[in-house]
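Chains, contacts and geometry: an overview
For reference, the chains in residue letters:
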Amino acid sequence: KLKKGFFDAKPTKRVSSKPKPASRTGTSQGDDGITVLKGKKGSSIGGPSIPEFMRVEPDEQAKRAEEMKSKLVNALKPSKELIDGLGQDPQLLSNF
């Protein structure tokens, strides 16, 4: 059984036993006393590095996409026999 006001109560403030350090690594004080954050140096800018065996060159990726697109277009393209069959179906033509 929950006490009345359990969900309405304000959260309690947690008191840390360790005092906060005056300055952190990666920060510096500017001329006006404004804290300036500095980014990390290294390869973290572009995200995690991609292993060599998983890399795909942009031109190869475009070539693969064009190849897949052409296969899809050719598979969905109606054939001459299909068009002729649709034109000769009286029940289908009555709906137009």
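Residues numbered from 1 in each chain as written. Predicted model: local features only at pLDDT ≥ 70, side-chain atom pairs only at ≥ 80, totals over all residues. Heavy atoms only, no water.

**Here we look at the overall build of the protein chain**
- What the protein chain contains, in helices and strands, is three helices and two strands.
- When the elements of the protein chain are put in sequence order from the N terminus, they spell out β-β-α-α-α.
- Sorting the 96 residues of the protein chain into buried and exposed places 0% on the buried side.
- Accessible surface, the protein chain: about 10500 Å² in total, of which carbon and sulfur atoms supply 58%. (Helix = DSSP H or I, 4+ residues; strand = E, 2+ residues; numbered from the N terminus. Buried < 20%, exposed > 50% of the residue type's maximum accessible area, 1.4 Å probe, protein only. Areas by Shrake-Rupley, 256 points an atom, 1.4 Å probe, with all protein chains shown as cover.)

**Quick notes on helix 1 (residues 58-76)**
- Taking 1.5 Å of rise per residue, the 19 residues of helix 1 would be expected to cover 27 Å, and the 27 Å separating its terminal C-alpha atoms lies within 8% of that figure.
- Summarising burial for helix 1: zero of the 19 residues are buried, a small minority. (Expected span 1.5 Å × (residues − 1).)

**Digging into the pattern of salt bridges**
- The tally for this structure, following the rule as stated, stands at four salt bridges.
- One salt bridge connects arginine 55 with glutamate 52, and the closest N-O pair in it is separated by 3.5 Å.
- We note a salt bridge from lysine 80 to aspartate 84, for which the minimum N-O separation is 3.9 Å. With lysine 80 and aspartate 84 both in helix 2 (residues 80-87) and four residues apart, this pair spans about one turn of that helix.
- A relative accessible area of 34% means that aspartate 84 is categorised as partly exposed. (Salt bridge = Lys/Arg side-chain N within 4 Å of Asp/Glu carboxyl O.)

**As for a nonpolar patch on the surface**
- Residues Ile50, Phe53 and Met54 make up a contiguous nonpolar surface patch of about 380 Å² in total accessible area.
- Position of phenylalanine 53 relative to the elements: it lies in the loop between strand 2 (35-37) and helix 1. (Patch = residues over 30% accessible without salt bridge, like charges linked within 9 Å, V, L, I, M, F, W, Y side chains within 5 Å.)

**Some points on the confidence of the model for the protein chain**
- Per-residue confidence for the protein chain gives a mean pLDDT of 76; residues scoring 70 or more make up 70%.
- Least confident of the elements in the protein chain is strand 1 (residues 27-29), whose mean pLDDT is 59; most confident is helix 1, at 91. (pLDDT = per-residue confidence, 0-100.)

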